[in-house]
Amino acid sequence: MATLKPIDLSGLDDERLASSVRAQIAEACEKNGFFQIINHGVPVELMDKLKEVGRKFFDMPEEEKLVYAGKPVLAAEGYGSRMVLTDSEPQFWREFVELHTLPLSERHYNYWPQKPAEFNETVEKYTAALMDLAHRLLSVISENLGLKPTYIKEAMGVTQQSIVFQCYPPCPEPGKTLGLPAHSDVGGITILMQEGDGLQVAAANDTWELVPNHPNAFVVNLADQIEIITNGRYKSANHRAIVNSDSTRRSYVTFYYPGKDQKIIPAPELVDAKIGPLYRELYYLEYLQALAAGRAKDKRLVQSFAINNPLIT
Ligand code: OGA
Ligand code: NI
């Protein structure tokens, strides 16, 4: 199964293997937009360092972390914590730090932890490496669709990137909550590094499939704007994080997404002349507004931007 066996990206540089690696990526993108990659070129030491600064931050006393607390009304940035147990619809069980990293003008360093000392420098190096990786993946994905290598990058406009450090502490009643409830990512492409199992992707018949933690691998998932740009050829799958009663799980999630004033349209090359586009044009801001207005419970948000609806599930 595509999510179980990581794709070895080193094969992209080997003439004999490149077409098979590209085909594996294409297959995963068509199936559910979820796959894992190894030998992706990001140094293991940098990955380990990011995990280390993340762990050290979350291990600090609450009052030291609250110095970086976000002001949710103004911006989803900074430190936050939400632990909810309920018998009704499961909610959150997580602590997090969210930071905008690109464009540079959007770096609000007042939210960036000053402790541990190497936090900022590590985040800067890590997110720069992950931006390169995102561009490399997007060029393979574009070419797999018969588009020019820079197609999706250009279709998303000015580069926007943020990183979220997620921390899911042990939970006494894991059945009464979720680390993160089911959602699809709203932007373009997400690259996640996890420590411990808990990430699940929607599978057939309303079941969930575990995305196992592979050492030194990244989980890649396509988000809603790529589903629209590819006119539904590639999917943005629902996923969620579950928690457990005996160990803390952490993940480090890098999001790459369009600017608010970016117009998103299905690539004309992928639109069937007879059927027409399957999604309507939109400005990314509209998508964020739809998100803020609330997700329909049993529907993916991207479906509310679909036209010729019966074809999109
Ligand atoms: C997210 C996400 C999953 C995880 O941050 O959007 O899906 O395992 N995270 O933390
Ligand atoms: Ni997500």
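In this report, the structure presented in the accompanying data block is examined. Only a predicted model underlies this, so the values are computations on that prediction, with no experimental measurement involved. Each chain has its residues counted from 1, running along the sequence as written. Throughout, the order in which chains and ligands are written sets their labels, letters from A for the former and numbers from 1 for the latter. Whole-chain, interface and lining totals are the exception, using all residues; otherwise, since this is a predicted model, local features are given only for residues with pLDDT of at least 70 and side-chain atom pairs are given and counted only at 80 or more. Here the side-chain values reflect all heavy atoms present in the structure, with hydrogen atoms and water set aside.

### Description of the sheet that holds strand 10 (residues 218-222)
Counted only if it meets this: Whether two strands pair depends on DSSP finding at least two bridges between them. A run of H or I in DSSP becomes a helix once it reaches four residues, and a run of E becomes a strand once it reaches two; helices and strands are each numbered from the N terminus.
Taken in spatial order, the 8 strands line up as 1-2-10-7-12-5-4-3 in an open sheet, and their pairing is mixed. A single partner strand is all that each edge strand has here, and the edge strands are strand 1 (7-8) and strand 3 (78-83). Sheet topology places strand 7 (residues 189-195) next to strand 10; 4 bridges connect them, and they run antiparallel. By the bridge assignment, Leu192 is partnered in strand 10 with Val219.

### Some thoughts on the packing of helix 1 (residues 15-31) against helix 4 (residues 119-144)
Here is the rule we go by: Every axis in this analysis is a line fitted to C-alpha atoms, fitted for helices over the stretch in contact. Angles between the N-to-C directions lie between 0 and 180 degrees. Note on angle classes: values under 35 degrees are labelled roughly parallel, values over 145 roughly antiparallel, values of 65 to 115 roughly perpendicular, and the remainder oblique. Whether two residues are in contact is decided by their heavy atoms, any of which lying within 4.5 Å being enough. Gly counts as polar in this scheme, as do all residues outside two lists: the nonpolar Ala, Val, Leu, Ile, Met, Phe, Trp, Tyr, Cys and Pro, and the charged Asp, Glu, Lys and Arg.
Taken N-terminus to C-terminus, the directions of helix 1 and helix 4 make an angle of 80 degrees; their axes are 10 Å apart at the nearest point. By the angle class used here, helix 1 and helix 4 are roughly perpendicular. Here helix 1 contributes Arg22, Ile25, Ala26 and Cys29 to the contact with helix 4, which in turn contributes Val140, Ile141, Glu143 and Asn144. By residue class, the composition of the contact of helix 1 with helix 4 is 5 nonpolar, 1 polar and 2 charged.

### Observations concerning the sheet that holds strand 8 (residues 199-203)
One open sheet holds the 4 strands; their spatial order is 6-11-8-9, and the pairing between them is antiparallel. A single partner strand is all that each edge strand has here, and the edge strands are strand 6 (180-183) and strand 9 (207-210). Adjacent strand axes in the sheet meet at a mean angle of 25 degrees, parallel and antiparallel pairs treated alike. In this sheet, strand 9 lies alongside strand 8 in antiparallel orientation, the contact comprising 4 bridges. Paired with Ala203 across the two strands is Thr207, which belongs to strand 9.

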